[in-house]
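The chain contents come next:
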Amino acid sequence: MRPCNSDWLDRLILQSALDLERARKTIFLFSRSARNVLAKCPVQEWEADAWARGLKTGLIRLEGYFFRVGSGKRSPLSFFIRNTSDLYVGLRRESITQAATFVSLVTDYGYPRRQTKFESRWMDVAVYGVEGKAWIYAENKASQKTLEKLCNRLATEFQSGVSPVDRDAKGVDDALMKAHHIWNNRPRYFWGVAPTRRQSYEVRYTSQGFHFLPSKELPTALEWSC
């Protein structure tokens, strides 16, 4: 059964989709497509609760069809995917989780909003210390299966080294790109977050590479002098 507390966020997203469709900025039956995505991958109660807190505290700001989160992203973000013809073609389900993750790090774990960055370089959300050193990297996926595949690869494949990567090249392996960023910036924790799955890891480094150790929970800001 759908969590009733998420209904308001469903309505907000679907109304935005319908408004875009009426403005003729979308493909045919765009709002129906968005509704089908939400039916297949429902907004979870924790996501809706985080969005509610984010809107109330100003961590999330709605601007028509778009929203802004934190200070790490200058341009407004959309719930929707746009094609090269400038038409909206689908719902970007991951964006809902991504914004909720940002809010959760600030409101649930207590990290200062000025040190919690949305879309920080090549990670979805990141927490930095006052000196600029990475502490937590969070990565979002729309499906639990995709998230678990990424986390399993990051946990085991890079213990003996991380191959160089061209960050500007198209089609770069996602896990390799994330591994390269982890290796270069050395966060202490990695948090994988999907709508129905959240798993935190402590990142352990050697002279050659790194691996993940599953942890029960992320540390709060009170447990870390940030």
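Every value quoted in this text rests on a predicted model; they were computed, and no experiment measured them.

(A) Local environment of helix H6 (residues 174–185). Its 12 residues place the ends of H6 17 Å apart at the C-alpha level, agreeing with the 16 Å of an ideal helix rising 1.5 Å per residue. Within H6, 9 of the 12 residues are buried, which leaves it mostly tucked inside the rest of the structure. The complete set of buried residues in H6 reads Ala175, Leu176, Met177, Lys178, Ala179, His180, His181, Ile182 and Trp183. With a side-chain oxygen positioned 3.4 Å from the backbone nitrogen of Ala175, the residue opening H6 is Asp173.

(B) Local environment of the sheet that holds strand S2 (residues 66–69). Pairing is antiparallel in the open sheet, where 3 strands are placed in the order S1-S2-S3. Unpaired on one side and paired on the other, strand S1 (60–63) and strand S3 (77–78) mark the two borders of the sheet. Inspection of the sheet shows S2 paired to S3 by 2 bridges, in the antiparallel sense. Within S3, the residue paired with Phe67 across the bridge is Leu77.

(C) Expanded view of the packing of aromatic side chains. As enumerated under the stated definition, the model contains 16 aromatic pairs in all. Judged by centre distance (6.0 Å) and plane angle (65°), the ring pair of Phe79 and Phe80 falls under edge-to-face. Summarising the burial analysis for this pair, Phe79 and Phe80 share the class buried. Here the aromatic rings of Phe102 and Phe118 are separated by 6.1 Å at their centres, their planes lie at 85°, and the arrangement is edge-to-face. Taken together, the residues Phe102 in helix H4 (residues 93–107) and Phe118 in strand S6 (residues 116–120) connect sequence positions 16 residues apart. Overall, Phe118 belongs to the buried group, its relative accessible area being 1%. In this structure an aromatic cluster arises from ring pairing among Phe158, Trp183, Phe190, Tyr201, Tyr205, Phe210 and Phe212. Residue placement shows Arg186 over the ring face of Trp183; its charged tip is 3.9 Å from the ring centre.

About the thresholds
- Residues numbered from 1 in each chain as written.
- Predicted model: local features only at pLDDT ≥ 70, side-chain atom pairs only at ≥ 80, totals over all residues.
- Heavy atoms only, no water.
- Helix = DSSP H or I, 4+ residues; strand = E, 2+ residues; numbered from the N terminus.
- Expected span 1.5 Å × (residues − 1).
- Buried < 20%, exposed > 50% of the residue type's maximum accessible area, 1.4 Å probe, protein only.
- Polar contact = N/O pair within 3.5 Å; in protein donor to acceptor, adjacent residues only side chain to side chain.
- Pairing = 2+ DSSP bridges.
- Phe/Tyr/Trp six-rings, centres within 6.5 Å; stacked < 30°, edge-to-face > 60°.
- Lys NZ or Arg CZ within 6 Å of the ring centre and 35° of its normal.

What is shown is where atoms sit, not what they do.
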